[in-house]
Amino acid sequence: MTEELISLLKDHSPRQKRALLIEKMDQLEQTGFGCEKCQGGWCCTFEYNSMRVSPLEAIDIYLALVEENKWNDELIHHLQHTQTKYRLDKEIFLGRGNTLRRTYTCPFFTEKAQGCSLSRAHKPYGCLAFNAQKSEVTDAGFCGSDQVLLEKQVVANQDDQINQLLKTYLTLDWDKKDIPSALLEINNQLINLSNSID
Ligand code: SF4
Ligand code: SF4
């Protein structure tokens, strides 16, 4: 990676980049409004989840998985299966650069309440900002996103600058993509880059 990009990534650790959102989650938990009493984890299933991530959010997840030795053929197959099952690889263009936002069960959801297998330090910002709005969630529809805090976090991080560098370095033509497609594309582009250097 370019020196400028490496230095920007080092200056802002994944946890630092999510500090405001994690702090809010902690506060919600302390006041009994966290997700710990959730009985379903509906927000991660195809019924409600259409999470998209920026290149920077995707690279945070990707590097964490590589570091934890979880980026392997089994996971790649799972991501590809999710892509196919929910037609995430079939983009429908809506004009003005927008594409249809599809729903999908997240490949990191473990099919139980609070079932995300990613740590808070690496979750997509949108997932951290989406929380319960009552103390005990027994059904879908009682949760929501703190969009104001989400925007504040992105601005505080200088994410636009890092995302632009990542897009250039990895020759990405998108600003946001669903999680499986973003991870697979970043992996492919890194392989292409490494092959071109060899
Ligand atoms: S990353 Fe985690 S919290 Fe976000 S949709 Fe996937 S399983 Fe749910
Ligand atoms: S946001 Fe709602 S559905 Fe998702 S884990 Fe929290 S309480 Fe459950």
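Residues numbered from 1 in each chain as written. Chains lettered and ligands numbered in written order. Predicted model: local features only at pLDDT ≥ 70, side-chain atom pairs only at ≥ 80, totals over all residues. Heavy atoms only, no water.

### So, the layout of surface pockets
Next, step 1: Of the volumes computed, that of the second largest pocket is approximately 410 Å³.
Next, step 2: Taken together, the elements giving at least two residues each to the lining of the second largest pocket come down to β3 (98–99) and β6 (177–178).
Next, step 3: In terms of residue class, the lining of the second largest pocket is built from 4 nonpolar, 4 polar and 11 charged. (1 Å grid on protein atoms, 1.4 Å probe; cavity = no way out; pocket = protein on both sides within 12 Å on 5 of 7 lines; lining within 4 Å. Points joined across faces, edges and corners; volume = space filled by probe spheres on them. Helix = DSSP H or I, 4+ residues; strand = E, 2+ residues; numbered from the N terminus. Nonpolar A, V, L, I, M, F, W, Y, C, P; charged D, E, K, R; others polar.)

### Regarding the packing of helix α5 (residues 73–85) against helix α9 (residues 179–197)
Next, step 1: Between α5 and α9, the shortest axis-to-axis distance is 9 Å and the interhelical angle comes to 130 degrees. What the angle tells us is that α5 and α9 run oblique. Handedness of the α5/α9 crossing: left-handed. Packed against α5, whose contacting residues are I76, L79, Q80, T82 and Q83, the element α9 presents P180, S181, L183, L184 and N187 at the interface.
Next, step 2: For the contact of α5 with α9, the residue count by class is 5 nonpolar, 5 polar and no charged. (Axes fitted to C-alpha atoms, helices over the stretch in contact; angles between N-to-C directions. Parallel < 35°, antiparallel > 145°, perpendicular 65-115°, else oblique. Left-handed = near helix turned anticlockwise from the far one by under 90°. Contact = heavy atoms within 4.5 Å.)

### Some remarks on the site of ligand 1
Next, step 1: Around ligand 1, the neighbouring residues are C44, N49, C106, F108, F109, C116, L118, P124 and C127.
Next, step 2: A class-by-class count of the residues in the shell around ligand 1 yields 8 nonpolar, 1 polar and no charged. (Near = heavy atom within 4 Å.)

### Quick look at α9
Next, step 1: Under the 1.5 Å per step criterion, the end-to-end length of α9 is 27 Å for 19 residues, consistent within 8% with the ideal 27 Å.
Next, step 2: Buried within α9 we find I179, P180, S181, A182, L183, L184, I186, N187 and Q189.
Next, step 3: On the buried face of α9, the contacting elements are β1 (52–53), α4 (55–67), α5 and β6. (Expected span 1.5 Å × (residues − 1). Buried < 20%, exposed > 50% of the residue type's maximum accessible area, 1.4 Å probe, protein only.)

### As for the packing of aromatic side chains
Next, step 1: Taken as a whole and assessed by the stated rule, the structure comprises 2 aromatic pairs.
Next, step 2: Pairing F46 with Y86 gives two aromatic rings, centres 6.2 Å apart and planes at 25 degrees, and the pair type is stacked. Separated by 40 residues along the polypeptide, F46 in the loop between α3 (19–30) and β1 and Y86 in the loop between α5 and β2 (93–95) bring together distant segments of the chain.
Next, step 3: Measuring from ring centre to ring centre gives 4.8 Å for Y62 and W71, while their planes differ by 65 degrees; the resulting arrangement is edge-to-face. One exposure class covers both Y62 and W71, and it is buried. (Phe/Tyr/Trp six-rings, centres within 6.5 Å; stacked < 30°, edge-to-face > 60°.)

### Some words on the environment of L65
Next, step 1: Within the secondary structure layout, L65 lies in helix α4.
Next, step 2: Note: C-alpha distance between L65 and Q164 (99 residues apart in sequence) is 23 Å.
Next, step 3: When near neighbours in sequence (up to four residues on either side) are disregarded, L65 contacts K70, W71, L75, F108, L118 and L183.

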